[in-house]
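Survey of secondary and tertiary structure
Each chain, letter by letter, is given below.
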Amino acid sequence: MFSCERIDNDTISRQLHFDSEHLWHPYAALKNTPARFLAVSARGTTIRTAEGLELIDAVSSWWCAAHGHNAPEIVEAIRRQSDRMCHVMFGGFTHEPAIELGQRLVEFLPEGLNKIFFADSGSIAVECAVKMAVQYQYALGRPERCKLVALRGGYHGDTAGAMALSDPDGMHVLFRGIMPQHYFAGRPNCRFDDTWDDADFHSMEQVIEEHLNEIAAVICEPVFQGGNGMWLYHPNYLKSLREICDRHGILLILDEIASGFYRTGPRFAMEHAGILPDIMCIGKALTGGSITLAAAAASERVARTITESKIPAFMHGPTYMANPLACAAGVASLNLFSTRDYLTNVRRIEARLRQNLAPLRSLENTADVRVLGAIGVLELKSKPAADDILRIIRETGVWLRPFCNYVYTMPPLITADAEIDRICEAIRLIAQCEPMPVQEKDDFHE
Ligand SMILES: *Cc1c(COP(=O)(O)O)cnc(C)c1O
């Protein structure tokens, strides 16, 4: 499966040494971080390291590699496009990969979300969605409506605008000073499969009623709050949200960057609630984990309102907007999403995760177990030590990336049952480690 080129131990340690001296990694100190793995190739569910480890990627490389790594169809599409044109500016030019991806998305996205802005990362897609909402209200003669309402426990990205919409007590507290100020409603507490309780929506109602004339839009991750707490909430929350937004002329932005592309079962998580947003964000699995690309897709009404106003241009335009290589990868990825029966696959993965993770409820360190679609979460009472996690990764050959008290898996949608079993076994071993002493809540970093 993998080419067999080996890297000798001296080279590996020299490279890792340079890395730790000079290269920042996500949410990590420059030096003295726990050991890193030197990845050399990846195929299907598996990442291979320079020292010869083969690790099942139980987190789909941060939720992107939905088809598994290096799907041949995507690799081929990138190769073909790179022969013709790696990039051209999107200002003044358009090109076939962008047009084709646009056509595929118009077919694939929920009905009516057919005005597409390509962004180069999820965070930027969120920034664009917010700017669209504000520009929409401005176009309607309501420039004072320039605040958003977001949910506690949410995560929308790392740029200033996206941080400002993520959990206000989460990992970005340090940067409060540079964030625009928005409003927050309480985290929806009603669990995905509990009986719905209207009281769960009161906090949102209150915030909206109190600040009605300042609010351009509400933004949330539908059903699955990922990066700030791996929480699954009741779809009825979204129905109430759609209603209240309609009643008050507030736009609804759904951030499907993590939850989209079959991750929670249906194609998009909003389908659990049977609602449509005015603007939606997609990213992560869009190119199947090959190249960065995201998008904000707006409804006819939002696009038309902006276009027919005094400032008809939408005021955003990244340098590498609609990069042809990324668009070609997106087309190939959407072909796979459209032709493979991922719904059935995800149902299978879900059943296997439930079967394997349910028994872990009784472990001493388990606080909660949550499963939906191809998402399995073990919330622990106290977090495991980094050294234990590393040891278990090596011993089991399963790549997991726990954060805070959450040990979770979001495997590629092609993962076989036997691999799910190995992933769950690794999760069990981590849950059974001697827990760390309870710490301050600043443990998002490595
Ligand atoms: C990852 C994520 C983002 C940010 O995407 P980046 O590509 O990392 O900028 C935004 N929203 C959600 C829900 C995400 O999971």
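These numbers were taken from a predicted model, which means no experiment stands behind them.

The rules behind the values
- Residues numbered from 1 in each chain as written.
- Predicted model: local features only at pLDDT ≥ 70, side-chain atom pairs only at ≥ 80, totals over all residues.
- Heavy atoms only, no water.
- Pairing = 2+ DSSP bridges.
- Helix = DSSP H or I, 4+ residues; strand = E, 2+ residues; numbered from the N terminus.
- Axes fitted to C-alpha atoms, helices over the stretch in contact; angles between N-to-C directions.
- Contact = heavy atoms within 4.5 Å.
- Domains from an automatic or database assignment.
- Buried area = accessible area lost by both parts, 1.4 Å probe.
- Salt bridge = Lys/Arg side-chain N within 4 Å of Asp/Glu carboxyl O.
- Polar contact = N/O pair within 3.5 Å; in protein donor to acceptor, adjacent residues only side chain to side chain.
- Buried < 20%, exposed > 50% of the residue type's maximum accessible area, 1.4 Å probe, protein only.
- Near = heavy atom within 4 Å.
- Nonpolar A, V, L, I, M, F, W, Y, C, P; charged D, E, K, R; others polar.
- Core = buried A, V, L, I, M, F, W, Y, C linked by side-chain atoms within 4.5 Å.
- Parallel < 35°, antiparallel > 145°, perpendicular 65-115°, else oblique.
- Left-handed = near helix turned anticlockwise from the far one by under 90°.
- Phe/Tyr/Trp six-rings, centres within 6.5 Å; stacked < 30°, edge-to-face > 60°.

Taking strand neighbours across the sheet as the criterion, the three strands line up as β13-β14-β16 in an open arrangement whose pairing is antiparallel. Lying at the two open borders of the sheet, with one neighbouring strand each, are β13 (366-372) and β16 (406-409). Direction aside, neighbouring strands of the sheet carry axes that sit 10° apart on average. Here strand β14 (residues 375-380) runs beside β16; their pairing, made up of four bridges, is antiparallel. When the bridges of β16 are listed, E379 appears paired with Y406. The strands that helix α13 (residues 417-431) touches are β14 and β16; relative to β16, the one it contacts most, it runs at about 175°.

Domains assigned within the protein chain are domain 1 (9-67 + 341-372 + 388-431) and domain 2 (72-339). Tallying the contact residues gives 24 residues for domain 1 and 31 residues for domain 2. Each partner contributes to the roughly 2,300 Å² buried at the junction of domain 1 and domain 2, and carbon and sulfur atoms together form 65% of this total. Considering only the side of domain 1, the residues that lose the most area to domain 2 are W63, H67 and L372, jointly responsible for 31% of the buried surface there. Linking domain 1 with domain 2 are one salt bridge. Residue D368 is joined to R191 by a salt bridge in which the shortest nitrogen-to-oxygen separation is 3.1 Å. Across the domain 1-domain 2 interface, the total number found is ten residue pairs in polar contact (both at pLDDT 80 or more). The biggest single contributor to the side of domain 1 that touches domain 2 is β13, with five residues.

With that out of the way, let us pick up the side chain of D19. Tracing the backbone through its elements, the reader meets D19 in helix α1 (residues 9-22). By relative accessible area, D19 is classed as buried at 13%. Residues in contact with D19, not counting those within four places in the same chain, are H25 and R36.

Next up on the list: the site of the ligand. In the region of the ligand, the neighbouring residues are W63, S121, G122, S123, Y155, H156, G157, E221, D255, I257, A258 and K284. The separation between an oxygen atom of the ligand and a polar side-chain atom of S123 is 2.6 Å. A per-class count over the shell around the ligand returns four nonpolar, five polar and three charged.

With that settled, the discussion passes to the pattern of salt bridges. A complete count under the given rule lists 23 salt bridges for this structure. In this structure, R361 and D368 form a salt bridge, with 3.9 Å as the shortest nitrogen-oxygen distance. Given the relative accessible area of 12%, D368 is considered buried. The residue D388 makes a salt bridge to R391 at a minimum N-O spacing of 3.2 Å. Separated by three residues within a single helix, D388 and R391 lie in helix α12 (residues 386-396), roughly one turn from each other.

Let us look at the nonpolar core. Of all hydrophobic cores here, the largest spans 129 residues; its most connected members are M204, L241, I279 and F337. Among the elements that line this core, the one with the most residues is helix α5 (residues 122-139), at nine residues. Here this core gathers at least three residues from each of two domains, domain 1 (9-67 + 341-372 + 388-431) and domain 2 (72-339). Among all residues touching M204, those that are not within four sequence positions of it are V149, L151, A185, V218, Y237 and L241. Among the nonpolar cores identified, the runner-up in size contains eight residues, and I74, I78, A332 and L336 belong to it.

If you want to describe how two helices pack, look at the angle between their axes and the distance between the axes. Two elements in contact, α12 and α13, have axes separated by 10 Å at closest approach and are oriented at 150°. By the criterion of interaxial angle, the relationship of α12 to α13 is roughly antiparallel. Seen from above, α12 lies across α13 with right-handed handedness. Counting all contacts with α12, which are made through I389, I392 and T396, the residues of α13 involved are R422, A426, L429 and I430. Considered class by class, the residues forming the contact of α12 with α13 number five nonpolar, one polar and one charged.

Attention now goes to the pairing of strand β11 (residues 279-282). Neither face of β11 is left uncovered, since the one carrying I279 and C281 and the one carrying M280 and I282 both have all their residues buried. Here strand β10 (residues 251-255) runs beside β11; their pairing, made up of three bridges, is parallel. Its bridge partner lying in β11, D255 is registered against C281. Sheet analysis places β11 next to strand β12 (residues 294-299), joined by four bridges and oriented antiparallel. By the bridge assignment for β12, M280 is matched with A297.

Even without being a glycine, W62 presents a positive backbone phi close to 60°. Tracing the chain through its elements places W62 in helix α2 (residues 60-63). W62 gets classed as partly exposed once you look at its relative accessible area, which sits at 36%. Even without being a glycine, V223 presents a positive backbone phi close to 65°. Structurally, the position occupied by V223 is in the loop between β7 (215-220) and β8 (224-225).

Next up on the list: the packing of aromatic side chains. Summed over the entire model, instances satisfying the criterion amount to 19 aromatic pairs. Note on Y27 and W62: the rings are 6.4 Å apart at their centroids and 70° apart in plane angle, and the pair reads as edge-to-face. One end of the pair, Y27, is in the loop between α1 and β1 (39-43); the other, W62, is in helix α2, and 35 residues separate them in sequence. Summarising the aromatic geometry, the rings of W63 and F224 are spaced 6.2 Å apart at their centres and angled 45° between planes, so their arrangement reads as tilted. On the criterion of sequence distance, the pair formed by W63 in helix α2 and F224 in strand β8 is long-range, its members being 161 residues apart.

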